[in-house]
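Remarks on the overall topology
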Amino acid sequence: MENKEDGNCFHEVKITDQDGLLRTIKVPVVQQLALNGIKHLPDQYINVPPDHPVVSSSVPDPSQTFPAIDVAQLRIGPGLDGLGRAQELVKLARVAKDWGLFLIVNHGIEDSVLQSVEDVVRGFFGLSFEEKKLSVGTYMNVDNMGYGQNFVRSENQRLTWIDRLAMKAAPREASEGLLVWPQNPANFRKVMEEYVEGARKVCNHLLEALAESLSLEKHVFLRNLDSKSSEINVRVNYYPQCPRPDLSLGITPHSDGSALTFLMQFGATGGLQVLKDAKWVTVPWPENKLLVGVGDLLEIMSNGRLKSPWHRVATKAEVERLSVALFYNPPSEVEIEPVKVEGPSNESYKKVIVGDYMRHYYKISPTIDKQAINFAKI
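Definitions and limits used
Residues numbered from 1 in each chain as written. Predicted model: local features only at pLDDT ≥ 70, side-chain atom pairs only at ≥ 80, totals over all residues. Heavy atoms only, no water. Phe/Tyr/Trp six-rings, centres within 6.5 Å; stacked < 30°, edge-to-face > 60°. Helix = DSSP H or I, 4+ residues; strand = E, 2+ residues; numbered from the N terminus. Buried < 20%, exposed > 50% of the residue type's maximum accessible area, 1.4 Å probe, protein only. Salt bridge = Lys/Arg side-chain N within 4 Å of Asp/Glu carboxyl O.

**Notes on the packing of aromatic side chains**
Per the counting criterion, the structure on display carries ten aromatic pairs. Between the aromatic rings of phenylalanine 66 and tryptophan 99, the centroid separation amounts to 4.7 Å while the plane-to-plane angle is 55°, which identifies the pairing as tilted. With a gap of 33 residues between them, phenylalanine 66 in the loop between helix 2 (62-65) and strand 5 (69-70) and tryptophan 99 in helix 4 (residues 82-99) connect regions that are remote in the sequence. The buried category is assigned to phenylalanine 66, whose relative accessible area is 2%. Considering the side-chain rings of phenylalanine 125 and tyrosine 238, the 5.0 Å spacing of their centres and the 15° angle between planes classify their relative orientation as stacked. Here phenylalanine 125, found in helix 5 (residues 111-125), pairs with tyrosine 238, found in strand 9 (residues 231-239); they are 113 residues apart in sequence, far enough to count as distant. When its relative accessible area of 5% is taken as the criterion, phenylalanine 125 is described as buried. When its relative accessible area of 6% is taken as the criterion, tyrosine 238 is described as buried.

As structure tokens, this is what we get:
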């Protein structure tokens, strides 16, 4: 439930307090704070620790360190252009290992589909607060589905400068009976599900290519996912203009609890930052390209050959930014197994059940460094 006080809008969320009692607290709607034209950042949104690593702008030429991966080249069959595909696999391995993230082009998702996603997302966040709440509900559970703020767990928690919309797109029956898909715009679910299915196909190709790029059997990662029961969670992130980007964060530092994370953005660039060499580096991500990230589950499956990046989202003073993140996961009951690696110790990670890992991930998050993955380490 949400309400208004003195012109401000609030989400009402339930938390468990220190005495184990269930309580309801009010959390401001960030979009409304921005629309009201606030000049000073409220204390509860001051979210950058004083000793945080510096942000580095000294990123080498992105065309050399962060090249886009041509998915069409990866799809080429044997004997057609084997050299071009081999070169693309080498490039994929290099950038995935170096960044844990990579851009993709020629992925096969039509521009019209991407434009439709932007249109329905902008359509939803263009609604009044009252219209948004009539369109979709808010749920307090491990998935934080519906419309609201990110993972509010305590009254004294530092908040992030974001409003988000989240739902499970697959399996389709996961959201039956829940008002987590916006009813306005009317075509929101249809558009998003078309995009999700296109993204699933691309992710499947990429999981095979990533395995091959590491000289592994091509199905070693993909065998843990299937078209009927694998999970695809959608999170739409809205970052309005912020009066003090130097003191706030759109999302606090984290790694993704996924196999792959599939990302698009619009409105502005330069919000995503990754921790590299003990410095926060702004990811060179053009607005017109899709971005794919390695998640914790793929780090486990690859036995650490690929690492999920520790990343965060910065805010902007002059412009709003929106992104759509798809989290592609094996079914929760699946036990994933790390591949064997050569060397004195042939395993650094152990078998884990996906659901067990995700429950641990949400239980301890957020953390000040990359701790969740230790659950899967030997």
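**As for the pattern of salt bridges**
With the rule as written, the count across this model stands at 13 salt bridges. In this structure, arginine 23 engages glutamate 155 in a salt bridge whose closest nitrogen and oxygen atoms are separated by 3.1 Å. Within this pair, whereas arginine 23 is found in strand 3 (residues 22-28), its partner glutamate 155 is found in the loop between strand 7 (146-148) and strand 8 (163-170), the two being separated by 132 residues in sequence. Take arginine 23: its relative accessible area is 31%, and that puts it in the partly exposed class.

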